[in-house]
Amino acid sequence: MSSAVSTEELTMPELTDALRAFLSRHLPPGAEPEIAALYRAGTGSSRENWPFDATWTEAGERSTHRLLMRRDPTSAVVDTARSAEFRLLEALEATTIPAPRVRWLDDEGADLARPTMIGDRYDGRAHRGVLRDKNPLHLTAEQRLTLAQGMCDVLGQLHSLEIDALGLRQILPVPASSPAEHELERWIGELTSNELEPQPGLRLCAEWLRDHLPTGPDRLVLVHGDFRPANVLVDGGDFGVLLDWELARLGDPLDDLGWYTTPLYRGEHFIPGQWTQEDFLARYTARTGIDVSPTALTFWQILSTFRLAIIALNGVRNFCELGSDRPAAPVDALIAKVVDQVLAAEKG
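Below, the structure is looked at part by part. Here the structure is a predicted model, which is why all the values come from computation and not from measurement.

Now for the pairing of strand 2 (residues 48-58). Bridge count between strand 1 (residues 34-36) and strand 2: three bridges; the pairing is antiparallel. If you follow Ile 35 over to strand 2, its bridge partner there is Ala 54. Direction of pairing for strand 2 relative to strand 3 (residues 61-71): antiparallel, over a ladder of eleven bridges. In the strand pairing of strand 3, Ala 54 is matched with His 65. Two successive antiparallel strands, strand 2 and strand 3, enclose a turn made up of two residues, where Ala 59 displays a positive phi of approximately 55°.

Shown next, in the form of structure tokens:
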């Protein structure tokens, strides 16, 4: 019988003991797992990342495994289902998408105090500025360009998956309306739930977005939801593993494209003189056969910044209500940017 942890906050020794007990229940009898080097990495706002090493006996031999525990924070800026993310990553194991392997799920947090999943830990580093001139991962110019092109190829590969063959309609919700309308109304709802004071700028943008809804895609695709260099493990200059699938959904491929090309991120996602938005879209279309409508792309770019502003508002609310240990993002600056995008679109 599982011995559930009744408290939400655990000390490090308590969490280590709970993790050891959890592995004991999921490994074969006699595994006798040991936990080492458990620590919290960073202060993620949608998942806590806890790297650790686990040693256990299997087939008569003890071996050490590099694992990662991804645990819900006490209050997240984006509320998503752990079971759906876990089942999606399990489904992706049958594909060539470089997604992390997951092993175990504590969906309700009965054993580890909060909803948690555990998967493999990989070599490499992720850095949002990997394509920038500052070059934090010390790549050559050729490696940076190859990496940027590889990101485009992986995104095209992701959008080319057959969602029915993978059973993704049984894992992820199917939008009841067009993906654009569904996402817009979802985030307007988040705005209503999280604004601590009226946000006329965001309400204006919401009305513009309602008035400029694009037509739906020819087919639904798997949308990553946060596809960008910051979520790619780079190992030896190569594209390693695509991380952070908690926002994955079925939707319009331009959803990911709008997120990747929104003006707020262009300095991080492209290489001046070598890899432009035009290069990215041309390569994407060549690999997927998906033509990108400029007006539809503008809608998704604006919606992407609109989302970011609302996520920041959610962070403000959580921080003010002592539900998060992470200070909020610059909300006013994000609101100004999305309003500027709307005004620029109106000018044509």
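This is not the end of the story, as more comes after the structure.
This next bit is on the pattern of salt bridges. What the rule picks out here adds up to 27 salt bridges. Where Arg 25 meets Asp 111, a salt bridge forms, and the shortest distance between an N and an O atom there is 2.8 Å. Of this pair, Arg 25 sits in helix 1 (residues 12-26) while Asp 111 sits in the loop between strand 4 (102-106) and strand 5 (116-120), and the two are 86 residues apart along the sequence. Across the pair Asp 226 and Arg 228 runs a salt bridge whose closest N-O atoms are separated by 2.7 Å. Of the two residues examined, Asp 226 and Arg 228, each falls in the buried class. Among the charged side chains, a network of salt bridges with common partners joins Glu 183, Arg 186, Arg 249, Asp 255 and Arg 307.

Most of helix 2 (residues 82-92) sits inside the fold, with eight of its eleven residues counted as buried. Within helix 2, burial applies to Arg 82, Ala 84, Glu 85, Phe 86, Leu 88, Leu 89, Ala 91 and Leu 92.

The next thing to look at is the nonpolar core. By size, the foremost hydrophobic cluster in this structure holds 77 residues, and its most contacted members are Leu 88, Leu 202, Leu 222, Trp 245, Leu 257, Phe 280 and Phe 306. In terms of residue count, helix 9 (residues 294-320) provides more of this core than any other element does, 13 residues in total. Once residues lying within four places of it in the same chain are set aside, the contact partners of Leu 257 are Leu 155, Phe 280, Leu 281, Tyr 284, Val 292 and Leu 297. Of all hydrophobic cores here, the second largest spans 20 residues; its members include Ala 18, Phe 52, Met 69 and Trp 104.

All right, on to helix 4 (residues 179-194) then. Taking 1.5 Å of rise per residue, 16 residues should cover 22 Å, and helix 4 covers 22 Å from first to last C-alpha, within 8% of that figure. Turning to helix 4, its buried residues number three or more, namely Pro 179, Ala 180, Glu 183, Leu 184, Trp 187, Ile 188, Leu 191 and Asn 194. For helix 4, the buried positions fall inside an angular range of 160° around the axis, keeping them on one side. For helix 4, the secondary structure elements touched by its buried residues are helix 5 (200-211), strand 9 (249-251), helix 6 (253-261) and helix 9.

What follows covers empty space enclosed by the protein. This structure, assessed with the given rule, holds two cavities of 30 Å³ or more. The volume enclosed by the largest cavity comes to roughly 40 Å³. If you go around the largest cavity, the residues you meet are Glu 183, Trp 187, Gly 225, Leu 247, Arg 249, Trp 259, Arg 307 and Ile 311. When contributions to the lining of the largest cavity are tallied by element, the ones reaching two or more residues are helix 4 and helix 9. Broken down by class, the residue content of the lining of the largest cavity amounts to four nonpolar, one polar and three charged.

Our focus in this paragraph is unusual backbone geometry. Keep in mind that most residues, glycine aside, have a negative phi and that most peptide bonds are trans. The backbone of Ala 37 sits at a positive phi, close to 60°, despite the residue not being glycine. You can see Ala 37 is positioned in the loop between strand 1 and strand 2. Ala 37 gets classed as exposed once you look at its relative accessible area, which sits at 52%. For Ala 113, which is not glycine, the phi dihedral falls at a positive 75°. Among the secondary structure elements, Ala 113 is positioned in the loop between strand 4 and strand 5. Ala 113 sits in the buried class, given a relative accessible area of 14%.

Turning next to the packing of helix 3 (residues 141-159) against helix 8 (residues 277-288). Contact pair helix 3 / helix 8: the axes reach a minimum separation of 9 Å and the direction vectors enclose 40°. Relative to helix 8, helix 3 is oriented oblique. Our pair here, helix 3 against helix 8, has a crossing hand that is right-handed. In contact with Gln 149, Cys 152, Asp 153, Leu 155, Gly 156 and His 159 of helix 3, helix 8 contributes Phe 280, Arg 283, Tyr 284, Arg 287 and Thr 288.

Cut-offs and rules
Numbers given for residues are sequential positions, taken from 1 along each chain in its written order. The predicted nature of this model means local features are confined to residues of pLDDT at least 70 and side-chain atom pairs, given and counted, to a pLDDT of 80 or more, with totals for whole chains, interfaces and linings taken over all residues. Calculation of side-chain values draws on the structure's entire complement of heavy atoms; hydrogens and water are dropped beforehand. Being paired, for any two strands, means DSSP has found at least two bridges between them. Secondary structure counts use DSSP, requiring at least four H or I residues in a row for a helix and at least two E residues in a row for a strand, with both numbered from the N terminus. For this document, the term salt bridge refers to a Lys or Arg side-chain nitrogen within 4 Å of an Asp or Glu carboxyl oxygen. Residue burial is assigned from relative accessible area. The probe radius is 1.4 Å, only protein chains are included, and a residue is buried under 20% of its type maximum, exposed over 50%, and partly exposed in between. Definition of nonpolar core: a set of buried residues of the types Ala, Val, Leu, Ile, Met, Phe, Trp, Tyr and Cys, connected through side-chain atoms within 4.5 Å. Two residues qualify as a contact provided that any one of their heavy atoms is within 4.5 Å of a heavy atom in the partner residue. Expected span, for any helix, means 1.5 Å times one less than how many residues it has. The directions considered for the arc run from the helix axis to the C-beta atoms. Points on a 1 Å grid over protein atoms alone make up a cavity when a 1.4 Å probe fits among them but cannot get out, and a pocket when they form an open set with protein on both sides within 12 Å along at least five of seven lines; lining residues each have an atom within 4 Å of a point. Grid points are joined across faces, edges and corners, and a volume is the space filled by probe spheres set on the points. Classification used: nonpolar for Ala, Val, Leu, Ile, Met, Phe, Trp, Tyr, Cys and Pro, charged for Asp, Glu, Lys and Arg, polar for all others including Gly. Orientation is described by axes fitted as lines to C-alpha atoms, over the contacting stretch for helices, and by angles from 0 to 180 degrees between their N-to-C directions. Should an angle lie under 35 degrees it is considered roughly parallel, over 145 roughly antiparallel, and from 65 to 115 roughly perpendicular; all remaining angles are considered oblique. Crossing handedness follows the turn of the near helix against the far one: under a right angle anticlockwise gives a left-handed crossing, and clockwise gives a right-handed one.

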